[in-house]
Amino acid sequence: MWFDLIKAGVAAVLHLFLFWNFGSAFVCLFSKTARTAQERIVIGFFLYYALFQVVTLPMMFAQRRLSELAALWGVLVVAACAGSFYIRRKKAGGQLRVLGAGIPTGVWKERLRFWRLAPVLIALVHVALVSAIYSSYWDATYYVGNVSFSVYTDSIGTIDPLTGELLSAFDLRHCLATYHMHDAVVCRLLGLHPLIETKTVMVIVVTIVLNLLYHRFGRFLFGKNDRAVALFMGFSLLVNVCTYTAYTASSFVLLRTYEGKAVTGAITSMFLLYWFLQLSRKEEAYAWRALFVTAWGAAAISSSAWFLVIMSIGVFALVRLIASKRFRELFWCGLCMAPAVAMLFGYLLNRLGLLVIPVRG
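Report on the accompanying structure. (Residues numbered from 1 in each chain as written. Predicted model: local features only at pLDDT ≥ 70, side-chain atom pairs only at ≥ 80, totals over all residues. Heavy atoms only, no water.)

Below, the discussion takes up the overall build of the chain. Looking only at helices and strands, the chain has 15 helices and zero strands in total. For the chain, the C-alpha atoms occupy an extent of roughly 65 × 60 × 45 Å along the three principal directions. When the 361 residues of the chain are sorted by exposure, 52% land in the buried category. Considering only contacts in the chain between residues 6 or more positions apart, those separated by 24 or more positions represent 73%. Of the roughly 17300 Å² that the chain leaves accessible, carbon and sulfur atoms contribute 69%. The centroid of the 33 positive side-chain charges in the chain is displaced by 13 Å from the centroid of its 16 negative side-chain charges. (Helix = DSSP H or I, 4+ residues; strand = E, 2+ residues; numbered from the N terminus. Buried < 20%, exposed > 50% of the residue type's maximum accessible area, 1.4 Å probe, protein only. Contact = heavy atoms within 4.5 Å. Areas by Shrake-Rupley, 256 points an atom, 1.4 Å probe, with all protein chains shown as cover. Lys, Arg positive; Asp, Glu negative; His and termini not counted. Charge placed at Lys NZ, Arg CZ, Asp CG, Glu CD.)

Pasting the structure below:
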């Protein structure tokens, strides 16, 4: 038991480290200004899953083994991390200082130290809540079962998790969103049980990423006002706890954190709004690129995000067109929603029977 807990802790830290690494490389390549560690981790979260989708789909449709995908992805991640450190080698010291910027040093005797530590305490309370609350929904049979069958049959999305039988054709609605297949890869690489990876590790990781986004949003809205940022995070947690219904994102955040819908309802929606606000304040090439990565990563995580991405960016495009009178805005918005549109179009063709990818027996 203790060994499993240690492995789960290592896996959670490894996830966050990889997100930070990918996000830092993205910032170094495309941003001319310094970015906070919180923003790096969140943008790295979406970039990581977008790139994983690119690697996974060809191997899935070619019906390669999960062990082969795990080996390939492991090598690519190590290479990407090495490349990331190489391109950031001159800025490594500064980025480590940014990473620790939120940790209060030398202010232990100041009155405001509580408000600087409060976001960390609030995030820990949130993590404790989602770790302690247990719920069992019927669709967990599908998502956790999909990971389990993939791990124990060494396959990639070819088994129906509800029946255990070989699929006759790929279900594009679930196959195109490769978020849960990544859980299977992690189980294969680290030797974790699928239940531990899906319902412990990823629950903690998603909750931490969500709270990092809350903190970044608080800084964006309230600047250096530590008390306002802490109260914003506390109120966000209170909203999630007290507004739970079957129709709100809070139910997924608290009870179904392991699902891609939790990321869509809580993280994707907020991060899209974050970039909309950034672009409204000041047009910047980095913000457009970050919006593209966010939209693409969101579509790679959950099929529910296809509709959210298309509708939200579509509304933003109309607002930008009315405000700026520049049709160039429509092009950039269309480019940002293109991955989600392509996946939705592929799914519709699949439902009409025009795009069927058979599974070989």
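The subject of this paragraph is the environment of phenylalanine 316. Note on placement: phenylalanine 316 falls in helix α14 (residues 304–324). Assessed through its relative accessible area of 7%, phenylalanine 316 is described here as buried. As a C-alpha pair, phenylalanine 316 and cysteine 333 span 17 residues in sequence and 8.0 Å in three-dimensional space.

With that out of the way, let us pick up helix α10 (residues 226–242). Taking 1.5 Å as the rise per residue, α10 with 17 residues should run 24 Å; its terminal C-alpha atoms sit 24 Å apart, in good agreement. Listing the buried residues of α10 in full gives Asp226, Ala228, Val229, Ala230, Phe232, Met233, Ser236, Leu237 and Asn240. (Expected span 1.5 Å × (residues − 1).)

As a further point, take the packing of α14 against helix α15 (residues 328–351). Interhelical geometry of α14 versus α15 gives an angle of 160 degrees and a closest axis separation of 9 Å. With respect to each other, α14 and α15 are oriented roughly antiparallel. At the point where α14 passes α15, the crossing takes the left-handed sense. Touching Trp306, Phe307, Val309, Ile310, Ile313, Gly314, Phe316, Ala317, Arg320, Leu321 and Ser324 of α14 are Glu329, Leu330, Cys333, Cys336, Met337, Ala340, Val341, Met343, Leu344 and Tyr347, all from α15. Split into classes, the residues belonging to the contact of α14 with α15 amount to 17 nonpolar, two polar and two charged. (Axes fitted to C-alpha atoms, helices over the stretch in contact; angles between N-to-C directions. Parallel < 35°, antiparallel > 145°, perpendicular 65-115°, else oblique. Left-handed = near helix turned anticlockwise from the far one by under 90°. Nonpolar A, V, L, I, M, F, W, Y, C, P; charged D, E, K, R; others polar.)

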